[in-house]
Amino acid sequence: MNFYIEPSENLSGEIEIPGDKSISHRAVIFGSLASGVSEFTNFLSGEDCLATLSAFKKMGVYTNLSDDKLIIHGVGINGLNKASEALYLGNSGTSARLLVGLLGVQKFESTIEGDKSLSGRPMNRVLDPLGKMGANIQSKNGKLPIHIKSVNKVSSINYSLPVASAQVKSSLILASIYADSQSKIKEKWVTRDHTERMMKSMGYPVSVTDKIISMEGKGKLNPIKLNIPGDFSSSVFLIVACLITPNSSILIKNVGINSTRVGFLHIAKMMGANIHIHNKRMEGYESLADINVKTSSLQSIQIEDSDLVSLSIDEFPAIFILAANAIGTSTFKGIKELRVKESDRISSMAIGLKKLGINTVEFEDGIQIEGGRLDGGNIECFGDHRVAMSFAVAGASAKNAIKVNNVESVDTSFPSFLDCIKKIGICVNTNKE
Ligand code: S3P
């Protein structure tokens, strides 16, 4: 399927965004490990979260998903069973990294597989520390497919994360649940903390001070009820569309604004974005709010090895669209993690921006973007949902129509993207070519 987006005169409206992808994954994982029945509303039925759900069903967890309400009959931390077949996790890096941590320390064997993109992504970042905890895992040169042997004894870990990654942190936290004694995991850069918050809300003995997560092994997880906040990362595509399109104003309601997720807000505001947060409140241990956005005149920005990188890691494709629409030349450095996402996001975005007439210079760990007015064109998204959605919203204010090819990957994180962008007035058609 392709998106064909024509320039819009203005965007407006009030909209709600589907549930947060990271929290939805954790709802399935921790709901399954809880001792009792948990209930989650506003669960994201994107392909990635459904891959996690399917894996737990294969390990004997009873679940019921109806509309966006997910009920999980948790089996307790020792209640999972060996799956009778390989666990296929599609495109989902979060499912793969978190499940390797959990399954690497079980008393049964597992096999984990993924699609072509996931099978090319680095797994040693979790395999190495898990090996220190006693896991016995065979991989294909540090990549999927992965075969996990059963283990009898799990050692606790005292580990400083060499990469800024919530997936690696969460993988080790999950493994540490099975250790005999206390584990400590230290971060150099703050990353999203949904795992720690969900465990606290389930009564697990975990604490965080000075970027060090300390947790006991063999604790208990109590079941919970949680209404999952809207996904901030999905809302960013609508925010960007509104900022760059003339005479626009939108209100996005019930969006998660956990401080470890909203680096984009700081970056966009430094560029001159007119964004206001209203009606801040808590849902369990997560914060959410309504976000009001208005058309803004954007200035270039310089981001180099900033703490903001890990707080906005999924937002860079959308931030590059802001930079392409800003006055002046923006430089982003210290973002080489973008090269090992669903696609190499530095190169995928540079190729697309060049096609739309924007000058870019690629560095090994970043990109320089000369702001201007985007022309129309025919864009590839390299199977990457966030690249596809970034170029789709860029089409709202380009000089001519933008066609984004092969956008199926959008369903991994934001299946209702098309409806949402139409609702705020973006002129988009699809064809199945
Ligand atoms: C995620 C962590 C991030 C992010 C991904 C979701 C998570 O990955 O890019 O979309 O839910 O833990 P890294 O840990 O690789 O940065």
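Scoring rules and cut-offs
Residues numbered from 1 in each chain as written. Predicted model: local features only at pLDDT ≥ 70, side-chain atom pairs only at ≥ 80, totals over all residues. Heavy atoms only, no water. Helix = DSSP H or I, 4+ residues; strand = E, 2+ residues; numbered from the N terminus. Domains from an automatic or database assignment. Contact = heavy atoms within 4.5 Å. Buried area = accessible area lost by both parts, 1.4 Å probe. Salt bridge = Lys/Arg side-chain N within 4 Å of Asp/Glu carboxyl O. Near = heavy atom within 4 Å. Polar contact = N/O pair within 3.5 Å; in protein donor to acceptor, adjacent residues only side chain to side chain. Nonpolar A, V, L, I, M, F, W, Y, C, P; charged D, E, K, R; others polar. Phe/Tyr/Trp six-rings, centres within 6.5 Å; stacked < 30°, edge-to-face > 60°. Buried < 20%, exposed > 50% of the residue type's maximum accessible area, 1.4 Å probe, protein only. Lys NZ or Arg CZ within 6 Å of the ring centre and 35° of its normal. Pairing = 2+ DSSP bridges. Axes fitted to C-alpha atoms, helices over the stretch in contact; angles between N-to-C directions.

K.L.:
Pulling in residues and values, what's your account of the environment of Ser 297?
P.N.:
In this structure, Ser 297 sits in the loop between β17 (286-294) and β18 (302-304). Residues Ser 297 and Glu 342, 45 residues apart in the sequence, show an inter-C-alpha distance of 31 Å.

K.L.:
Residue-level account of the domain arrangement of the protein chain, with values.
P.N.:
What the domain assignment lists for the protein chain is domain 1 (3-18 + 229-430) and domain 2 (21-227). Here the C-alpha centre of domain 2 lies 29 Å away from the C-alpha centre of domain 1. Taken together, the contacts link 27 residues of domain 1 with 27 residues of domain 2. By the criterion of area lost to domain 2, the three top residues of domain 1 are Tyr 285, Glu 342 and Thr 412, representing 24% of everything that side buries. Between Glu 337 and Arg 125 there is a salt bridge, with its nearest N and O atoms 2.9 Å apart.

K.L.:
I'd like a description of the site of the ligand, backed by residues and values.
P.N.:
Taken together, Lys 21, Ser 22, Arg 26, Thr 94, Ala 164, Ser 165, Ala 166, Gln 167, Arg 192, Ile 313, Asp 314 and Lys 341 form the complete shell of residues around the ligand. Separating an oxygen atom of the ligand from a side-chain N or O atom of Ser 22 is a distance of 2.7 Å. Secondary structure elements with two or more residues in the shell around the ligand: α1 (21-33) and α5 (166-176). Counting residues per element, the shell around the ligand draws most heavily on α1, at three residues. Classifying every residue of the shell around the ligand gives three nonpolar, four polar and five charged. For the shell around the ligand, the two domains that each supply at least three residues are domain 1 (3-18 + 229-430) and domain 2 (21-227).

K.L.:
Describe the packing of aromatic side chains, with residues and values.
P.N.:
Here the structure, examined in full by the defined rule, presents seven aromatic pairs. Ring centres of Phe 316 and Phe 332 lie 6.2 Å apart, and the angle between their planes is 80°; this geometry places the pair in the edge-to-face category. A residue pair is termed long-range when its members are at least 10 positions apart, and Phe 316 in helix α10 (residues 316-324) and Phe 332 in strand β19 (residues 329-333) qualify at 16 residues. A relative accessible area of 0% means that Phe 332 is categorised as buried. Between the NZ or CZ atom of Lys 333 and the centre of the ring of Phe 363, over which it lies, the distance is 4.5 Å.

K.L.:
Go over the pattern of salt bridges with me, naming the residues and quoting the values.
P.N.:
Evaluation of the coordinates by the stated rule reveals 21 salt bridges. A salt bridge links Arg 345 to Glu 342; the shortest N-O distance between them is 3.0 Å. One network of salt bridges, in which partners are shared, links Arg 121, Arg 192, Asp 314, Glu 342, Arg 345, Asp 384 and Arg 386.

K.L.:
Please provide a residue-by-residue account of the sheet that holds strand β12 (residues 206-209), values included.
P.N.:
Strand order in the open sheet formed by four strands is β10-β11-β13-β12, and the pairing between neighbours is mixed. With partners counted over all chains shown, the strands left at the sheet margins are β10 (158-160) and β12, one partner each. The sheet shows a mean angle of 15° between the axes of neighbouring strands, direction not considered. Bridging between β10 and strand β11 (residues 183-186) involves three bridges; their strand directions are parallel. Its bridge partner being in β11, Ser 160 is matched across the sheet by Lys 186. Contacts from helix α6 (residues 194-201) reach β12 and β13 (212-215), with the element oriented near 135° to β12.

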